[in-house]
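What follows is the residue order along each chain.
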2 protein chains.
Amino acid sequence: MKTLSINRERLQADLDELSQIGRHPDFGIYRMAFSDGDMAGREWFRKRVEEAGLDFYQDGAANLHARLNWNEGKTPSVMTGSHLDTVPGAGHLDGALGVLVGLECLRCIKEEGLSSDHPLEAVAFSDEEGRFGGMLGSQAIAGRLTPESIHSAVDLDGVSLTDAMDRVGLNAMDALHARRHPDSIHAFLELHIEQGPILDKMGISIGNVDAIAGLFKWEVSLIGTPNHAGTTPMNMRNDAFMGLSEFSSQIQRILDENGSARTVATIGRVDIQPGAANVVPGRVEFSLEARDTEPQVLEDIANAFRRALSAIARRRGLMFEFKVLSEIDPVKCDSGIINTVENVTKSLKLPFLQMASGAAHDTQIISSIARASMIFVPSKDGRSHSAAEWTDMDDIEKGANVALNTLYRIAGGRI
Amino acid sequence: MKTLSINRERLQADLDELSQIGRHPDFGIYRMAFSDGDMAGREWFRKRVEEAGLDFYQDGAANLHARLNWNEGKTPSVMTGSHLDTVPGAGHLDGALGVLVGLECLRCIKEEGLSSDHPLEAVAFSDEEGRFGGMLGSQAIAGRLTPESIHSAVDLDGVSLTDAMDRVGLNAMDALHARRHPDSIHAFLELHIEQGPILDKMGISIGNVDAIAGLFKWEVSLIGTPNHAGTTPMNMRNDAFMGLSEFSSQIQRILDENGSARTVATIGRVDIQPGAANVVPGRVEFSLEARDTEPQVLEDIANAFRRALSAIARRRGLMFEFKVLSEIDPVKCDSGIINTVENVTKSLKLPFLQMASGAAHDTQIISSIARASMIFVPSKDGRSHSAAEWTDMDDIEKGANVALNTLYRIAGGRI
């Protein structure tokens, strides 16, 4: 079967140009949602869409749509895309790559004069990275926003979403009108950098994502007694940090016994009180999160964590408390798209790895209204959310070609 | 053998009165060195000394001396005492008890019209608690101060020792003249609350201290790689906190294998970077201190800690660094005084426990120029450096009687 190819030089030029927008001279890229950098990136993208002769559409949530063969929404579209906004001090690929590959795919199909059963859309979703909570644009399209959620969204500096959008001439409440009917989307595909080390370590260019991990995140407290570190014998202590250390040392065992090869668990934040070298820790508070692609695994891990923490607390004379900060269900990707990605990859003679996404993406929101899946390309050393983010252009080209041929096939295109 | 008894009501009245000086209405006592509270406490003490008909002497380091049978320093004195200064928010016993018991002992011996071979001194040492580093007064007497150490001493607010003493009419450089010749002190005995739980848990009123623990305190860094907690598989992590947890879980084993029943080790402060729930810790910095009364044990523990940390770092792909923040040698108490305390305690028909001091005291400084030892009384639940500090008056009375009879015997007194 004949395959299509993207224009590598044009894609690279787009990536280079966009990487200069919002760039700090020393510290990476700053295009947080509705900031000046983000607005400049959006304006640049609009011009690229229009230059390419594609239809440009901005919905109520300020999602930007490049459209090919659009027929007033009468035919369900094949949608691709990602986000242009960044974390502070970001690299040039997280989000941007998926939007620019989507644009490039539509340009190629248009240039080749190819026809397909379904219109194509390349979307840049608003605020994926979470200045105002994250995945604002995809949630708007999936109909998950409410007037309350819009009104209560604020950034870390206390600026409200409403004010931030008003500052750039947008009405936040319009996001409620961005909702798309499930029948209007035939399928969704997002290309993204892996943001993890697996593909890079294995030397494989294509990740065929079959699920996006769910997670639970707890805030755990172990409460003992703060005592003088010189005068309190080891066997008369209720050392809260020793309780945490014992638990932490059991995490791998708990994952081995209850988890899958994909399960991860992390203690990333620890606060010890009173926190002086000469005082036995009287209290520790720490974050505990675990991720897996199977709901049952997450439940089993959570139960095992609770049992371990309770046992340690009881034996060490500590109090144990926890509260659930967040719980996100795992999402399975669409098996039809997974198969198509696999077939395309084979026809392009590229090795691929079927894998999970450990990070959250707009895809998991869109999957609630449309069949959806993802393609990963390697992240050098797994680096992400960092100016050191890097993917070889060879890998980008391969990923973009897989995306192009997958989108065209899903859209019912014929060569 | 006949024994002497202190005046319990008078001692209790002194404790009650002094506990009101520097007291915050809600939060304990504030008599940090050379603060208004400290100066008021000193003035109150001077009046008590003069009321008792004892000689009052203030040396260059602002140590306050109550003296009985003083003969211009021609005969070596038997010295007792502790400190009147407190940590912020302190209880009423730490330091103050030893000073007031010393004063009460001298008053009793004077009232009884008893004679002894050696003059007696009850001393209130300046800045034991460390507003300007700690043990200023005892270091001055032991000849350990230098012009440089005096000039460079500052408190946490940046106020210099020189300015703080100048504010209350004292010249800090005079502390150099407080040095005492070793021949001028026949022996030193300090009574103090235990500041730990041992006597209270065992229901024993008297601790006969045979050594003051030495310690080493390190600042340790384990350096790994900060990675995305969702996308980085467990076997591709260099999790600095997991390294710390593994080490921390080995501390008890290391103490069991290398330490004594008295060895303690504590991780009291931990700083995790970047410290976000969804980022694998890339770096931990933590305090690590260990205490014992034997130099060889401290050396063995330090070696075992280094080996364990190196092995964990190597296996987990972490870098391991540490620096020594402080090292204090253990001090043995004088066996002659220990024996006298034991004999006095037996003659008073009191159970006692031979034990170590895990906390630092002026005694360990004075021990460098004179034979020295300590008596402990129980601390309720081991509480100290807290307004919740408490010792039953029965225990205080017993401790004071042991101190009185011990001091009188050491001074060559006869009944």
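Computed from a predicted structure; not experimentally measured. (Residues numbered from 1 in each chain as written. Chains lettered and ligands numbered in written order. Predicted model: local features only at pLDDT ≥ 70, side-chain atom pairs only at ≥ 80, totals over all residues. Heavy atoms only, no water.)

A.B. asks: Go over the packing of aromatic side chains, please, and point to the residues and values.
C.D. replies: Residues and elements named next belong to chain A. Enumeration according to the criterion identifies 17 aromatic pairs over all chains in this entry. Judged by centre distance (5.4 Å) and plane angle (80°), the rings of Phe 247 and Phe 305 are edge-to-face. Of the two residues, Phe 247 is situated in helix H8 (residues 240–258) and Phe 305 in helix H9 (residues 295–316); the sequence distance between them amounts to 58 residues. Accessibility classification places Phe 247 together with Phe 305 in one group, the buried group. Pairing Phe 320 with Phe 322 gives two aromatic rings, centres 5.8 Å apart and planes at 10°, and the pair type is stacked. Phe 322 gets classed as partly exposed once you look at its relative accessible area, which sits at 29%. Here the aromatic cluster, defined as three or more aromatic residues joined through ring pairs, consists of Phe 216, Trp 218, Phe 247, Phe 286, Phe 305, Phe 320 and Phe 322. (Phe/Tyr/Trp six-rings, centres within 6.5 Å; stacked < 30°, edge-to-face > 60°. Helix = DSSP H or I, 4+ residues; strand = E, 2+ residues; numbered from the N terminus. Buried < 20%, exposed > 50% of the residue type's maximum accessible area, 1.4 Å probe, protein only.)

A.B. asks: An account of the relation of the copies chain B and chain A is needed here, citing residue identities and associated values.
C.D. replies: When chain B is fitted to chain A, the best match, at an RMSD of 0.1 Å, comes from turning it 180° and sliding it 0.1 Å along the axis. Look at the turn and shift together and you get a two-fold axis relating the two. Residue Ser 245 of chain B, judged by its C-alpha, is the member of chain B lying nearest the rotation axis, at 2.2 Å. An overlap of 100% is found between the interface residues of chain B and their copies at the interface of chain A, pointing to a shared contact surface. (Least-squares fit on C-alpha atoms with pLDDT ≥ 70 in both. Contact = heavy atoms within 4.5 Å.)

A.B. asks: Pulling in residues and values, what's your account of helix H10 (residues 335–347) of chain B?
C.D. replies: Residues and elements named next belong to chain B. With 13 residues, H10 extends 18 Å from end C-alpha to end C-alpha; this agrees with the ideal 18 Å at 1.5 Å per step. Turning to H10, its buried residues number three or more, namely Ile 337, Ile 338, Thr 340, Val 341, Glu 342, Val 344 and Thr 345. As for H10, its buried residues are in contact with strand E7 (185–193), strand E8 (206–212), strand E17 (352–357), strand E18 (372–377) and helix H12 (393–410). At the N-terminal boundary of H10, the capping side chain belongs to Asp 334, with an oxygen 3.0 Å from the backbone nitrogen of Gly 336. Where H10 terminates, the next one or two residues include Lys 349, which has phi positive at roughly 60°. (Expected span 1.5 Å × (residues − 1). Polar contact = N/O pair within 3.5 Å; in protein donor to acceptor, adjacent residues only side chain to side chain.)

A.B. asks: Just give me the short version of the pattern of salt bridges, but keep the residues and values in it.
C.D. replies: The final tally for this structure, using the stated rule, is 54 salt bridges over all chains. One salt bridge in this structure joins Glu 285 of chain B and Arg 283 of chain B, with 2.8 Å as the shortest N-O distance. Judged by its relative accessible area of 18%, Glu 285 of chain B is buried. Arg 283 of chain B sits in the partly exposed class, given a relative accessible area of 25%. What emerges from the salt-bridge pattern is a single network uniting Arg 10, Asp 14, Glu 104, Arg 107 and Glu 111 of chain A. (Salt bridge = Lys/Arg side-chain N within 4 Å of Asp/Glu carboxyl O.)

A.B. asks: With reference to specific residues and values, describe the interface of chain B and chain A.
C.D. replies: Facing 49 residues of chain B, the contacting portion of chain A comprises 49 residues. Together, the buried faces of chain B and chain A total about 3800 Å²; carbon and sulfur atoms form 62% of this surface. For the pair chain B and chain A, the interface holds zero salt bridges. Contributions of two or more residues to the side of chain B that touches chain A are made by helix H7 (198–202), strand E10 (227–228), helix H8 (240–258), strand E11 (264–266), strand E12 (270–273), strand E13 (279–280) and strand E14 (283–292) of chain B. Tallying contributions element by element places H8 of chain B first for the side of chain B that touches chain A, with 10 residues. Grouping the amino acids of the side of chain B that touches chain A by side-chain chemistry returns 22 nonpolar, 18 polar and nine charged. (Buried area = accessible area lost by both parts, 1.4 Å probe. Nonpolar A, V, L, I, M, F, W, Y, C, P; charged D, E, K, R; others polar.)

A.B. asks: Describe the pairing of strand E3 (residues 55–58) of chain B, listing the residues and the values that go with them.
C.D. replies: A regular strand places its side chains so that they alternate between the two faces of the sheet. All names here are of chain B. Looking at chain direction, E3 and strand E4 (residues 64–68) are connected through four bridges and run antiparallel. Across the sheet, residue Phe 56 finds its bridge partner in E4, namely Ala 66. The turn linking E3 back onto E4 is made up of five residues, and Ala 62 within it adopts a positive phi angle of 65°. (Pairing = 2+ DSSP bridges.)

A.B. asks: An account of helix H3 (residues 96–111) of chain B is needed here, citing residue identities and associated values.
C.D. replies: Residue and element names in this part refer to chain B. With 16 residues, H3 ought to run about 22 Å at 1.5 Å a step, and its terminal C-alpha atoms sit 22 Å apart, in line with that. H3 sits mainly inside the fold: 14 of its 16 residues count as buried. A positive backbone phi angle near 65° is found at Gly 113, which sits one or two residues after H3.

A.B. asks: Describe the packing of H3 of chain B against H12 of chain B, and please don't skip the residues or the numbers.
C.D. replies: All names here are of chain B. For the pair H3 and H12, interaxial distance at closest approach is 9 Å and the crossing angle is 55°. One way to sum up the angle between H3 and H12 is to call them oblique. Between H3 and H12 the crossing geometry is right-handed. Only Ile 396, Ala 400, Ala 403, Leu 404, Leu 407 and Tyr 408 of H12 make contact with H3, whose side of the interface consists of Leu 97, Val 101, Cys 105, Cys 108 and Ile 109. (Axes fitted to C-alpha atoms, helices over the stretch in contact; angles between N-to-C directions. Parallel < 35°, antiparallel > 145°, perpendicular 65-115°, else oblique. Left-handed = near helix turned anticlockwise from the far one by under 90°.)

A.B. asks: Outline the domain arrangement of chain A, supporting the account with residue identities and numerical values.
C.D. replies: All names here are of chain A. For chain A, the assigned domains read domain 1 (8–213 + 330–414) and domain 2 (214–327). Domain 1 and domain 2 are separated by 37 Å when their C-alpha centres are compared. Across the domain 1 to domain 2 interface the summed buried area is about 630 Å²; carbon plus sulfur atoms make up 54%. Taken together, the connections running from domain 1 to domain 2 amount to two salt bridges. A salt bridge links Glu 294 to Lys 332; its shortest N-O distance comes to 3.0 Å. Where domain 1 packs against domain 2, one counts four residue pairs in polar contact (both at pLDDT 80 or more). Listing elements by their share of the side of domain 1 that touches domain 2, those giving two or more residues are strand E8 (206–212) and strand E17 (352–357). Of the residues contributing to the side of domain 1 that touches domain 2, the split by class is seven nonpolar, two polar and two charged. (Domains from an automatic or database assignment.)

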